[in-house]
Amino acid sequence: MGADMSNNPPPTSHAKDFFASPALSLSLAGIFRHAGVAADAEAATSNMEVEEWEEGSGGGERLEEISSENSGPTRSRSEDDFEGEGEHEDADADGDKTKKKKRKKYHRHTADQIREMEALFKESPHPDEKQRQQLSKQLGLAPRQVKFWFQNRRTQIKAIQERHENSLLKSEIEKLKEKNKSLRETVNKACCPNCGVPTTSRDGAMPTEEQQLRIENAKLKAEVEKLRAALGKYAPGSTSPSCSSGHDQENRSSLDFYTGIFGIDNSRIMDIVNQAMEELIKMTTMGEPLWLRSFETGREILNYDEYVKEFAVENSSSGKPKRSIEASRDTGVVFVDLPRLVQSFLDVNQWKEMFPCLISKAATVDVICNGEGPNRNGAVQLMFAELQMLTPMVPTREVYFVRFCKQLSAEQWAIVDVSIDKVEDNIDASLVKCRKRPSGCIIEDKSNGHCKVIWVEHLECQKSAVHSMYRTIVNSGLAFGAKHWITTLQLQCERLVFFMATNVPMKDSTGVATLAGRKSILKLAQRMTWSFCHAIGASSFHTWTKVTSKTGEDIRISSRKNLNDPGEPLGLILCAVCSVWLPVSPNVLFDFLRDETRRNEWDIMSSGGTVQSIANLSKGQDRGNAVTIQTIKLKENSVWVLQDSCTNSYESMVVYASVDITGIQSVMTGCDSSNLAILPSGFSIIPDGLESRPLVITSRQEEKYTEGGSLFTMAFQILTNASPTAKLTVESVDSVNTLVSCTLRNIRTSLQCEEG
């Protein structure tokens, strides 16, 4: 099966699917590098059925188009096959003492039986015992025959999917070979064959382009080797090795080991997630001495000695020096009804969109249990996520975990995530740098569409180098802790409430005449912010190159080519990101950047022009959570800018982009905004994490706490060339370098925090 991991902007079809993102397209082979072994091993037990089924199926078609009506009658093993297995008879009348195994009997299902089983398979590929019993009575088959038919059907689908993935891998390898070849030719022409020093700088290309090409060559070569290795595991046309039932389990990959095919393994997973659920409930409800509140910061701190004592954790010292423990707990109230909130955790697309600043990739690797009823009570699924901060200076965290959703009472649900050792043992060890101990949340339904959420985040991470500027906030657990998750959840739920509202006061919706226009603008702003979050992190989607700005700061530069996405301008896009520390409180910095009356002070694009707000749409109770449309009147023309500002107690963002005037005017009337090209730039602001005691003791509320500085990330995206085949030039890099340096200097000057 394929693990779905797309990174397209969220759909904007209707308000009901506000959280929904397009289907993820990351194949399962990309997550489990050895997953292909499993399908070959399982196919061995039903090789004849698979081959016969493929004759009419058109193996290259998409799975959605595969139908059993085209596959011909299917045969499965009867009960007699297993009772007679291993028996022997005499070979012939001549007295030859050699033995032969009995010829195995096969039962050919009728077209009606296949049709009924196919109908149930479409609804539930993993039927439970009750469903199999009911279907066997209805069709006049033994329950084991029904069970084997469903196993064979799942095997057939996996085989077709793997052949399709293999063809994609082969084509990708060929493309990489061609690209590698062209890059090598370019390097040979532009460099001295003896020393590799650039001889000329043609067409204004970057002087260091040849060195960069060499680096890219090495990366491409490594990628080709990986693809070859993956392809070799399940090459098309290769037959699965025949293996007896006693060796089936040894030849299965980690994925099949956890699909619940073997009852004992499925029950073991259920034991683990049930224990994790019990631990989560205790972690959310217990107070001292398990959780101690800090007098300095007010945050709750886990007493690890009590934790080990309470939950009988193995306190081995073998791997401890290499790993650090991060534990945090926070509580909040969110504006959303309970069923919708639970669904957002079960649907990986909705979950990813709920936390755009935290999740750069996510996929449901396998569904172990579908759960019961419309709310899927008891659902268990294996998931993958890549967690990020909104800066390329902090590495991402890749984590595999099992998610278990359970209804505790009529008003209470629990969602627990826990990493399982056996899954990670079968993954590339270089990826397993972060594991989840029992983490998650308890959701309690309150009146009037409110829910109380208690969140616990408990991680075990491999120690790695973090930039000194971010070391405090990362090592303290704030960056990926419970507060960050719950404040982001509150912000997104509040945004949804304001999006769905039909009775918005006029003061909260100026400049847009209709409700449909308001919703279209809010959808466009959400897509813009989602794109911004996706563009500036340290995700493996991007390759960052460090350059030094004219004022001495480090700038990370990345480029990408947009070939066919209508949501962004077509061509070569350059992204430049710079993260610095500023001795200004996050609130002051946020208010300064979102204020259109002070835009001229930092935005060099609007220098000399007048800025006026023509629309202002609230999307939260805080006045800082708003979407505005601003017009910048320059001497020769006018520019319209869409701006989305978001703030919570952990993080603030100001995201903006210039928009086509005709296009944005149609969106303001309620037209669809999905095809309006937009290229966002903006700012991310978080506290520096240097919490300390107040310098003085006073009864005045406004002076009780001293606010620290801000970790400030600024990102600019520029379309450097409308042709996707164009190369990045030194002029483009110089332009964005100047833009970053001047903007940062203007901000420091306006806020009176110049260096030196």
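Up top you'll find the structure we're talking about.
Read on for an overview of the structure. (Residues numbered from 1 in each chain as written. Predicted model: local features only at pLDDT ≥ 70, side-chain atom pairs only at ≥ 80, totals over all residues. Heavy atoms only, no water.)

Helix and strand counts for the chain come out as 20 helices and 24 strands. By the burial criterion, 50% of the 756 residues in the chain qualify as buried. Restricting to contacts in the chain with at least 6 residues of sequence separation, those with at least 24 account for 69%. Roughly 36100 Å² of accessible area belongs to the chain as shown, and the carbon and sulfur atoms make up 50% of that amount. (Helix = DSSP H or I, 4+ residues; strand = E, 2+ residues; numbered from the N terminus. Buried < 20%, exposed > 50% of the residue type's maximum accessible area, 1.4 Å probe, protein only. Contact = heavy atoms within 4.5 Å. Areas by Shrake-Rupley, 256 points an atom, 1.4 Å probe, with all protein chains shown as cover.)

Taking strand neighbours across the sheet as the criterion, the ten strands line up as β15-β19-β20-β21-β22-β23-β24-β18-β17-β16 in an open arrangement whose pairing is antiparallel. Pairing within the sheet leaves two strands with one partner each, and these edge strands are β15 (509-510) and β16 (545-548). The pairing of strand β22 (residues 652-659) with strand β23 (residues 681-687) spans five bridges and is antiparallel. Counterpart to Tyr656 in the pairing with β23 is Ser681. (Pairing = 2+ DSSP bridges.)

By the definition in use, this model includes 17 aromatic pairs. Measuring from ring centre to ring centre gives 5.1 Å for Trp602 and Phe683, while their planes differ by 85°; the resulting arrangement is edge-to-face. Residue Trp602 is found in the loop between α18 (586-594) and β19 (610-618), and its partner Phe683 is found in strand β23; the two are separated by 81 residues along the sequence. Residue class for Phe683 comes out buried when judged on its relative accessible area of 0%. (Phe/Tyr/Trp six-rings, centres within 6.5 Å; stacked < 30°, edge-to-face > 60°.)

Further remarks concern helix α11 (residues 304-311). All of the buried residues in α11 are Tyr304, Tyr307, Val308 and Phe311. Taken end-on, α11 shows its buried residues confined to a sector of 95°, consistent with a single buried face. The exposed set on the far side of α11, more than 90 degrees from its buried face, consists of Asp305 and Lys309. The positive-phi residue at the C-terminal boundary of α11 is Ala312, with phi of around 50°. (Arc of directions from axis to C-beta.)

Let us now look at the packing of helix α16 (residues 482-500) against helix α17 (residues 515-536). Angle between the axes and distance between the axes are the two parameters that describe a pair of packed helices. The contact between α16 and α17 brings their axes to 9 Å, and the two run at 155°. If you check the angle between α16 and α17, you find them roughly antiparallel. Only Arg518, Lys519, Leu522, Lys523, Ala525 and Gln526 of α17 make contact with α16, whose side of the interface consists of Arg495, Phe498 and Phe499. A per-class count over the contact of α16 with α17 returns four nonpolar, one polar and four charged. (Axes fitted to C-alpha atoms, helices over the stretch in contact; angles between N-to-C directions. Parallel < 35°, antiparallel > 145°, perpendicular 65-115°, else oblique. Nonpolar A, V, L, I, M, F, W, Y, C, P; charged D, E, K, R; others polar.)

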